[in-house]
There are 2 protein chains.
Amino acid sequence: MVSEPEVNAVRAAPNRRAQILRAAAELFAERGFHGVTIEELGRAVGTSGPALYRHFPGKDALLAAMLLEVSERLEADGRARVHAAAGPAAALDALLRGHVAFALGEPALITVHDRELGNVREPDRREVRRLQRAYAEQWVGVLARLRPGLPPDVVRAAVHSAFGLLNSTPHSAGSLPAADMGALLFRMGRAALLAPFPGE
Amino acid sequence: MVSEPEVNAVRAAPNRRAQILRAAAELFAERGFHGVTIEELGRAVGTSGPALYRHFPGKDALLAAMLLEVSERLEADGRARVHAAAGPAAALDALLRGHVAFALGEPALITVHDRELGNVREPDRREVRRLQRAYAEQWVGVLARLRPGLPPDVVRAAVHSAFGLLNSTPHSAGSLPAADMGALLFRMGRAALLAPFPGE
DNA sequence: CACCGATGTTAATGGTCGCTAACATCGGCG
DNA sequence: CGCCGATGTTAGCGACCATTAACATCGGTG
């Protein structure tokens, strides 16, 4: 027990930062930001406690980095998909496919992403919001082209509702094979967004 | 400052318990269970701090009471609506209408209801789960009758996804008049649940 | 009208938690 | 091969927080 303290001393830090973020996402998703202690975060990556401060200036900063990373990733991916698509219909399908893949692949990140923004302090919080908004506007732009004549705030509300549907994955995780779940979410999301809306 | 301590001493307790639960729902929805202190809960209802313990044995018990109440309400209301409906199609519409009204009327409760179950301790937690499951099964039963031949786990997954859509209200609150938002959610939910699914 | 139960108040307590300090170990580089 | 930066470790420290204690006030009731 005390025999080999140096074995895991410096060992294994190929990418500690990323490893911490991954583990933290799981824990935050399960118990919430305030429900997880620094000690637990450390233990989840094999180190214990305050080793975290070698990689992040504090718990808040860790959460901020996590949300910035994921919202950037979503936005960039969304933008790429829209640009690569032939028309609005193809773009919507591409956005749906991308979001579904993300939600199924990283349910913890998706959960934290839309629950914990309130715990990010002001400089970063604005940036995360900006990226989230930019991502949503990709969807809004595509849907508006697909359904001209629909008021912009209705389009926006519809898009956010669709996000709610797609992000619900964590609640029903495992009840279906991932491929089937993906197909289900894709079709439900598509149907919801293309349904006849009020005011048309 | 010290002049009139007795003014608000016993005053105003027509239904403190309900008042506390309502205020607590708002705070828990905003900052999460662990992000709210007893002192804040007290201040939100005009009393300060430990007065809470006259109405609940502890913070945990407060959350448990809240989740039990809302899940009971959903289940009972859902059951009533299904029984009153003429057929499965009418039942689905009634369930949708009820859930939408609830989500728009009490967004904070909806939020806490599907985020904070993890902070409820074991005796009550099981009961909340049971009620949530019973409510979901109302939907599953109706949808299964509407779409025979669909595998039960697909039906269940679809229902939970629809919940995600309907419960997304808090994220887009206020961007649309409540009536319009209600109509939008109703139509999107309906379209999503009746969309052609994989495996049919 | 004295008493009591319901409901509050402030002060104290014990535990937990984020964070800092002080010290150790290792790989790489001059 | 000795030094240094990166990365860990354990021990404390100060703050916060849920809960309890001790004490007050009011309305109603016998």
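Residues numbered from 1 in each chain as written. Chains lettered and ligands numbered in written order. Predicted model: local features only at pLDDT ≥ 70, side-chain atom pairs only at ≥ 80, totals over all residues. Heavy atoms only, no water.

1. Description of the overall build of chain A
A count of helices and strands for chain A gives eight helices and zero strands. Counting from the amino terminus, chain A carries its helices and strands in the arrangement α-α-α-α-α-α-α-α. When the backbone C-alpha atoms are referred to their principal axes, chain A occupies close to 75 × 40 × 30 Å. In chain A, which comprises 200 residues, the proportion classed as buried is 48%. Within chain A, counting contacts between residues at least 6 apart in sequence, those at least 24 apart form 71% of the total. Of the roughly 9,800 Å² that chain A leaves accessible, carbon and sulfur atoms contribute 54%. Charge centroids of chain A, computed over 24 positive and 22 negative side chains, lie 3 Å from each other. (Helix = DSSP H or I, 4+ residues; strand = E, 2+ residues; numbered from the N terminus. Buried < 20%, exposed > 50% of the residue type's maximum accessible area, 1.4 Å probe, protein only. Contact = heavy atoms within 4.5 Å. Areas by Shrake-Rupley, 256 points an atom, 1.4 Å probe, with all protein chains shown as cover. Lys, Arg positive; Asp, Glu negative; His and termini not counted. Charge placed at Lys NZ, Arg CZ, Asp CG, Glu CD.)

2. Here we look at the side chain of A:N119
All names here are of chain A. Structurally, the position occupied by N119 is in the loop between α5 (107–113) and α6 (122–146). A distance of 3.2 Å separates the side chain of N119 from the side chain of H34, its partner in a polar contact. Ignoring sequence-local partners within four residues, the contact set of N119 consists of F33, H34 and L63. (Polar contact = N/O pair within 3.5 Å; in protein donor to acceptor, adjacent residues only side chain to side chain.)

3. Quick notes on the interface of chain B and chain A
Of the residues lining the interface, 33 residues belong to chain B; the matching set on chain A comes to 33 residues. At the boundary of chain B with chain A, total buried surface from both sides reaches about 2,600 Å², with 71% on carbon and sulfur atoms. Scanning the region where chain B abuts chain A turns up zero salt bridges. Linking chain B to chain A there are zero residue pairs in polar contact (both at pLDDT 80 or more). Contributing elements (two or more residues each) for the side of chain B that touches chain A: α7 (152–166) and α8 (178–194) of chain B. Ranked by the residues each element gives to the side of chain B that touches chain A, the list is headed by α8(B), at ten residues. For the side of chain B that touches chain A, a count of residues per class yields 18 nonpolar, nine polar and six charged. (Buried area = accessible area lost by both parts, 1.4 Å probe. Salt bridge = Lys/Arg side-chain N within 4 Å of Asp/Glu carboxyl O. Nonpolar A, V, L, I, M, F, W, Y, C, P; charged D, E, K, R; others polar.)

4. With respect to the environment of B:V159
All names here are of chain B. Note on placement: V159 falls in helix α7. Separated by 69 residues in sequence, V159 and A90 place their C-alpha atoms 16 Å apart. Excluding anything up to four places from it in sequence, V159 contacts A136, W139, V140, L143 and L193.

5. Section: the confidence of the model for chain A
With 92% of its residues at a pLDDT of 70 or more, chain A shows a mean pLDDT of 91. Overall, residues 1–13 of chain A carries pLDDT values under 50, and its contacts beyond four positions in sequence, including any with other chains, amount to zero contacts. (pLDDT = per-residue confidence, 0-100.)

6. Some remarks on the environment of A:L95
Within the secondary structure layout, A:L95 lies in helix α4 (residues 88–105). Ignoring anything within four residues of it in the chain, the contact list for A:L95 reads A:G78, A:V82, A:Q138, A:W139 and A:V142.

7. Things to note about the relation of the copies chain B and chain A
Expressed as a screw transformation, the operator carrying chain B onto chain A has a rotation angle of 180° and an axial translation of 0.0 Å, and the superposed copies differ by an RMSD of 0.1 Å. Classification of the inter-copy transformation places it as that of a two-fold axis. Of the C-alpha atoms belonging to chain B, the one lying closest to the rotation axis is found on B:L165, 2.1 Å away. Interface residue correspondence from chain B to chain A reaches 100%, placing this contact among same-surface, isologous pairings. (Least-squares fit on C-alpha atoms with pLDDT ≥ 70 in both.)

8. Things to note about the pattern of salt bridges
Overall, the coordinates contain 20 salt bridges over all chains when judged by the stated rule. Between A:E40 and A:R31 there is a salt bridge, with its nearest N and O atoms 2.6 Å apart. Residue classification places A:R31 among the partly exposed residues on the basis of a relative accessible area of 31%. Ionic pairing is found between B:D77 and B:R81, a salt bridge with its closest N-O pair at 2.8 Å. With B:D77 and B:R81 both in helix α3 (residues 59–84) and four residues apart, the pair spans about one turn of that helix. Classification of B:D77 by relative accessible area gives partly exposed; the value is 36%.

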